[in-house]
Amino acid sequence: MLFRRSKSETPAETVAPKPGGKGRPTPTRREAEAAAKARAKVPRTRKEMAQAQRLARTESSRSVRAAMKAGDERYYLPRDQGPLRRFVRDYVDSRFSFIELMIPLLIVTMVLGYSGNQGLASIGNTILLGTILLVIMDMFVLRWRLKRQLAERFPDESHKDTTYYAITRALQMKFMRLPKAKVKIGQELPEHYR
């Protein structure tokens, strides 16, 4: 107590940080030791260890997902990497597809089906059948045009699984697609994807 400062004797003005400094005060020995202990604390039980792993996995997947949304290709899944897959994504995203109308039309058919009126229910079933036929035709057109474009642009590469990749991407609503669409509907695609 003899040599300690009391709270009233501390300097009132704050010292401006030095240029090139770290911008915060050096921690006291007690604070530094407490922080080191907290970092070195090993989980004692399986439950604590599982919780720590779950938190680390969640944080990792959150950062990867954010990077994918931002368009950073280093964090794409292996199925999404490469110029061939980038072209397939852009090709699917640049065309209008009947699949994008599928969910609103399914809602309409559900409302008509549950209306209680037999005539409206049959109209809803007709709309549903017509929508499914249009989607199937659209998938065949997508496959045919995509194969032709891939043969022109990537003649030396294997086109294995590109049809499946294109159809699964086209089946997703545009705002839900990951990696996010980089082209708009009707936009002209670049000539080279190398």
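Heads up: the structure comes first, above all this text.
Predicted model only: the values in this text are computed from it and were never measured. (Residues numbered from 1 in each chain as written. Predicted model: local features only at pLDDT ≥ 70, side-chain atom pairs only at ≥ 80, totals over all residues. Heavy atoms only, no water.)

**Student:** How should I be thinking about the nonpolar core in this particular structure?
**Tutor:** Side chains of nonpolar character tend, in soluble globular proteins, to be buried together. Phe 87, Val 88, Leu 142, Leu 146 and Leu 150 are the most contacted members of the largest nonpolar core, which has 19 residues in total. Sorting the residues of this core by element identifies helix H3 (83-94), helix H5 (118-153) and helix H6 (162-171) as the ones contributing at least two each. With near-sequence residues (within four places) excluded, Phe 87 lies in contact with Leu 146, Gln 149, Leu 150, Arg 153, Phe 154, Leu 189 and Tyr 193. (Core = buried A, V, L, I, M, F, W, Y, C linked by side-chain atoms within 4.5 Å. Buried < 20%, exposed > 50% of the residue type's maximum accessible area, 1.4 Å probe, protein only. Helix = DSSP H or I, 4+ residues; strand = E, 2+ residues; numbered from the N terminus. Contact = heavy atoms within 4.5 Å.)

**Student:** Please explain helix H1 (residues 29-40) as it appears in this structure.
**Tutor:** Side chains three or four residues apart in an α-helix point the same way, a direct result of the helix having 3.6 residues per turn. With 12 residues, H1 extends 16 Å from end C-alpha to end C-alpha; this agrees with the ideal 16 Å at 1.5 Å per step. Of all the 12 residues making up H1, zero are buried; the element is thus mostly uncovered. (Expected span 1.5 Å × (residues − 1).)

**Student:** Would you mind going over the packing of aromatic side chains with me for this structure?
**Tutor:** In this description, an aromatic ring pair is defined by two values, namely the gap between the centres and the angle between the planes. Within the structure shown, the criterion is met by three aromatic pairs. Geometrically, the ring pair formed by Phe 96 and Phe 98 is edge-to-face, given 6.2 Å between the ring centres and 75° between the ring planes. Here the aromatic residues Phe 87, Tyr 91 and Phe 154 are joined through ring pairs into a cluster of three or more. One residue, Arg 85, lies across the ring of Tyr 165, its end atom 4.8 Å from the ring centre. (Phe/Tyr/Trp six-rings, centres within 6.5 Å; stacked < 30°, edge-to-face > 60°. Lys NZ or Arg CZ within 6 Å of the ring centre and 35° of its normal.)

**Student:** Would you explain the environment of Ser 122 in this entry?
**Tutor:** Within the secondary structure, Ser 122 is located in helix H5. Given the relative accessible area of 38%, Ser 122 is considered partly exposed.

**Student:** What's the story with the packing of H5 against H6 in this structure? I'm lost.
**Tutor:** The geometry of a pair of packed helices is captured by two quantities: the angle between their axes and the separation between those axes. One can describe the packing of H5 onto H6 by two numbers: an axis separation of 10 Å at closest approach and a directional angle of 130°. Considering their axes alone, H5 and H6 lie oblique with respect to each other. The handedness of the crossing between H5 and H6 comes out as right-handed. Where H5 abuts H6, its residues Met 139, Leu 142, Arg 143, Leu 146, Lys 147 and Leu 150 lie against Thr 162, Thr 163, Ala 166, Ile 167 and Ala 170. (Axes fitted to C-alpha atoms, helices over the stretch in contact; angles between N-to-C directions. Parallel < 35°, antiparallel > 145°, perpendicular 65-115°, else oblique. Left-handed = near helix turned anticlockwise from the far one by under 90°.)

**Student:** Explain unusual backbone geometry to me, please; I cannot follow it from the model alone.
**Tutor:** The omega torsion across Leu 178 and Pro 179 is -5°, close enough to zero to call that bond cis. Within the secondary structure, Pro 179 sits in the segment after H6. With a phi close to 65°, Asp 161 is a non-glycine residue in the positive phi region. On the accessibility criterion, Asp 161 (47% relative accessible area) is partly exposed.

**Student:** What exactly am I supposed to notice about H5 here?
**Tutor:** In this model, H5 (36 residues) spans 52 Å end to end at C-alpha, consistent with the 52 Å of a helix rising 1.5 Å per residue. Buried residues of H5: Ala 121, Gly 124, Thr 131, Val 135, Asp 138, Met 139, Leu 142, Leu 146, Gln 149, Leu 150 and Arg 153, and no others. Residues of H5 that are buried in the fold lie against H3, helix H4 (102-113) and H6.

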